[in-house]
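Results of the structural survey
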2 protein chains.
Amino acid sequence: MARVLVTGASGFVGRQAVPILVARGHEVIAVGRPDAEMAPPEGVRFAICDLLREGSAAELIATCRPSHLLHLAWNVTPGRFWTDPDNLDWVSTSLRLFRAFAEQGGQRFVGIGSCAEYDWSHDFLRENETPLKPQTLYATAKVAFSSLIQHVAPQLGVSVGWGRVFFLYGPGEKRGRLVSDVFLSLLEGQPALVSHGRQQRDFMHVEDVAGAFVALLESPVTGGVNIATGDCRPLADIVSAIAEQTGRPDLLRLGALPARPDDPPRLAADVRRLRQEVGFQPRFDLAAGIADTHRWWLAQQVATT
Amino acid sequence: MARVLVTGASGFVGRQAVPILVARGHEVIAVGRPDAEMAPPEGVRFAICDLLREGSAAELIATCRPSHLLHLAWNVTPGRFWTDPDNLDWVSTSLRLFRAFAEQGGQRFVGIGSCAEYDWSHDFLRENETPLKPQTLYATAKVAFSSLIQHVAPQLGVSVGWGRVFFLYGPGEKRGRLVSDVFLSLLEGQPALVSHGRQQRDFMHVEDVAGAFVALLESPVTGGVNIATGDCRPLADIVSAIAEQTGRPDLLRLGALPARPDDPPRLAADVRRLRQEVGFQPRFDLAAGIADTHRWWLAQQVATT
């Protein structure tokens, strides 16, 4: 059992990670933003903290004294996070957080990275072979932060795991992303406009993403670890699964939107580190994951009508 | 004329940069550490600031409102700076400083990097061709910081130049570095123990380094710029010049120390960007630079006896 501080605990992945950590028997301190709406599970301490306020990271560590830190907080506002200048502030704050954690005696740190750190001219992305070549400010920030903490970790006596998330979907996803927008359109009886759908991607249900992060946190595995299912398939499969599940294949408009010119044809993940070294197996296949997500959207509709 | 904020103004390069900026007609605000001993030139505002204190960077920018920022401050304690964990704090603080500068309307930012950012398996280091492959925490930190600010600069309307210093020497150099230690030994009549000296390096007089940074700050050149003379020669030439200058070639012990096993045989700089785009020419050749440094060491001896 560890004392685990979870930042971003009110976010898309964090909300799923907290109950998994509790079920695994850990003492959990869940940190969310001042505006977070979150009802933490029984026994979880919920701490409100604006991590971007200078000085807050050190205060948080001094108050909570965690042995393990799952640092999920970052700006992930759809449509903005790739380019938002506050990526610089997230690097700045995260470095302060890491150092305070190490100095206070923290043992194990896991951060959340992205497949966007890799060179996307490759189509099979492997942790210790594919070069990193971030093209966006967000990915540049993730590379900058992770390269620094991984370099300094051994001398500070902290073990660092770095989960690179590929694509994810599931309950709680905000508007402005592929799966959420297709669900919203179809459930409202509107046409869902998408591109040709031949781009191949690895989409993982958010509960599995959270489970993978908890498994990584509990493991001694260091360095980059791809967080993905290993099942890379055309986007058309994913949006078609949503159309079938919601019973509105008639409203799916494949090819109605142009694909982005720089959209790579295939981004597959090598998942051997996650499977064999971390020992994590995802629970959802695509059909089960889409069905689960559908139930959540239906519950949202009931809740708002 | 610009309003120039200089951080690290009490440091090795900063102390030389401030009078050059004043002579060029700029309004200069020189920022030094609380423990800095510095008598700034007439007309220069000297601000004491511990930049690593959280919140200080934003306060400094709000108070000074510079149009130009020459950010030289960093941990450069000989023997420690390559691995010191406070490299993380310098990245954190520097990112806050940059963002505050941009938000306040700052126009031109120049930071100080290092040839250690490059992949040292190459022997001719060119700004836009040689891959970056930092091996130390210090160099990793410089790459992390510079990659972030260069990525975000266009959208924030700030022009960013990044000077990569090769090797430097001159008046004011601290103990624990090659040129200072050889001078000290020989002036004290002690043997100067050095390695075989066949490693080829580009050493620049600190006044030229400072002049190059001022020229870079005044230019519109963006991205990495090597700060070096273009004259790459064996270390034996440099230490022999010191031995000749001080009249103690008898005390120079080439080969008395083992070379570091990972010491690259040659690290030459492409200086075309500095010469042609920035338009800077160094003032000192090696003989003149060593003679100038000798005068400074003699003055130090007089001052302390």
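Conventions used here
- Residues numbered from 1 in each chain as written.
- Chains lettered and ligands numbered in written order.
- Predicted model: local features only at pLDDT ≥ 70, side-chain atom pairs only at ≥ 80, totals over all residues.
- Heavy atoms only, no water.
- Helix = DSSP H or I, 4+ residues; strand = E, 2+ residues; numbered from the N terminus.
- Buried < 20%, exposed > 50% of the residue type's maximum accessible area, 1.4 Å probe, protein only.
- Lys, Arg positive; Asp, Glu negative; His and termini not counted.
- Salt bridge = Lys/Arg side-chain N within 4 Å of Asp/Glu carboxyl O.
- Polar contact = N/O pair within 3.5 Å; in protein donor to acceptor, adjacent residues only side chain to side chain.
- Contact = heavy atoms within 4.5 Å.
- Least-squares fit on C-alpha atoms with pLDDT ≥ 70 in both.
- Pairing = 2+ DSSP bridges.
- Right-handed = clockwise from strand over helix to strand, strands pointing away.
- pLDDT = per-residue confidence, 0-100.
- Axes fitted to C-alpha atoms, helices over the stretch in contact; angles between N-to-C directions.
- Parallel < 35°, antiparallel > 145°, perpendicular 65-115°, else oblique.
- Left-handed = near helix turned anticlockwise from the far one by under 90°.
- Nonpolar A, V, L, I, M, F, W, Y, C, P; charged D, E, K, R; others polar.
- Core = buried A, V, L, I, M, F, W, Y, C linked by side-chain atoms within 4.5 Å.
- Buried area = accessible area lost by both parts, 1.4 Å probe.

Okay, the side chain of Glu-127 of chain B next. Residue and element names in this part refer to chain B. Tracing the backbone shows Glu-127 in the loop between strand E6 (124-125) and helix H4 (137-156). Of the side chains with opposite charge, Arg-273 lies nearest to the buried Glu-127, which makes no salt bridge, at 5.3 Å. Looking at Glu-127, its side chain comes within polar contact range of the main-chain nitrogen of Asn-226, at 2.7 Å. Every residue in contact with Glu-127, bar those within four places of it in the chain, is listed here: Tyr-118, Arg-164, Gly-224, Val-225, Asn-226, Asp-270 and Arg-273.

As a further point, take the relation of the copies chain A and chain B. Least-squares fitting of chain A to chain B yields an RMSD of 0.0 Å, with the transformation described by 0.0 Å of translation along the axis and a rotation of 180°. In the structure described here, the two chain copies are related by an operation that fits a two-fold rotation axis.

With that settled, consider the pairing of strand E5 (residues 108-114) of chain B. Residues in a regular strand project their side chains so that they alternate between the two faces of the sheet. Residue and element names in this part refer to chain B. Most of E5 sits out of view: seven of its seven residues are buried. The two faces of E5 match: Arg-108, Val-110, Ile-112 and Ser-114 on one face and Phe-109, Gly-111 and Gly-113 on the other face are all buried. Note: strand E4 (residues 68-71) against E5, four bridges, orientation parallel. Bridge pairing links Leu-69 to Phe-109 in E5. In this view, the connection linking E4 to its parallel neighbour E5 by way of helix H3 (residues 86-103) has right-handed handedness. As defined by bridge partners, E5 adjoins strand E7 (residues 159-165) across seven bridges and the pair is classed as parallel. The residue bridging Ser-114 from the neighbouring strand is Val-165, located in E7.

Right, let's get into the confidence of the model for chain A. Averaged over every residue, the pLDDT of chain A is 95; the share at 70 or more is 100%. Under the prediction, the complex receives an ipTM of 0.93, its pTM being 0.95.

Once that is clear, we can look at the side chain of Ser-67 of chain B. Residues and elements named next belong to chain B. Tracing the chain through its elements places Ser-67 in the loop between helix H2 (56-64) and E4. Of the residues examined, Ser-67 reaches a relative accessible area of 15% and is grouped as buried. Every residue in contact with Ser-67, bar those within four places of it in the chain, is listed here: Ala-2, Arg-3, Phe-101, Gly-106, Gln-107 and Arg-108.

Here we take up the packing of helix H5 (residues 178-187) of chain A against helix H9 (residues 286-304) of chain A. All names here are of chain A. Two elements in contact, H5 and H9, have axes whose closest approach is 11 Å; the angle formed by their N-to-C orientations is 55°. Taken as axis vectors, H5 and H9 run oblique relative to one another. Both H5 and H9 take part in a crossing whose hand is right-handed. Each of Ser-180, Phe-183, Leu-184 and Leu-187 in H5 lies in contact with H9, whose residues at this interface are Ile-290, Thr-293, His-294, Trp-297, Leu-298 and Gln-301. Looking at the contact of H5 with H9 residue by residue, the classes come out as six nonpolar, four polar and no charged.

The next subject is the nonpolar core. Nonpolar side chains in soluble globular proteins generally cluster together in the buried interior. Counting residues in each nonpolar core, the largest one holds 72 residues, and the members touching the most others are Leu-60, Phe-98 and Phe-109 of chain A together with Leu-60, Phe-98 and Phe-109 of chain B. Phe-98 of chain B has contacts with Leu-88 of chain A together with Phe-109, Ile-149, Val-152, Ala-153, Leu-156, Val-158 and Val-160 of chain B, leaving out every residue within four places of it along the chain.

To continue, consider the interface of chain A and chain B. When the parts of a complex come together, some accessible area is lost, and that lost area is often used as the size of the interface. Counting residues at the interface gives 27 residues for chain A and 27 residues for chain B. A buried area of about 2,600 Å², summed over both sides, lies between chain A and chain B, and 60% of it is on carbon and sulfur atoms. When the buried surface of chain A facing chain B is broken down by residue, Glu-54, Leu-88 and Arg-96 of chain A rank first, second and third, together holding 28% of it. Taken together, the connections running from chain A to chain B amount to six salt bridges. Connecting chain A to chain B are 16 residue pairs in polar contact (both at pLDDT 80 or more). Residue assignment for the side of chain A that touches chain B shows that the elements contributing at least two residues are helix H3 (86-103) and helix H4 (137-156) of chain A. Partitioned by chemical class, the residues of the side of chain A that touches chain B number twelve nonpolar, ten polar and five charged.

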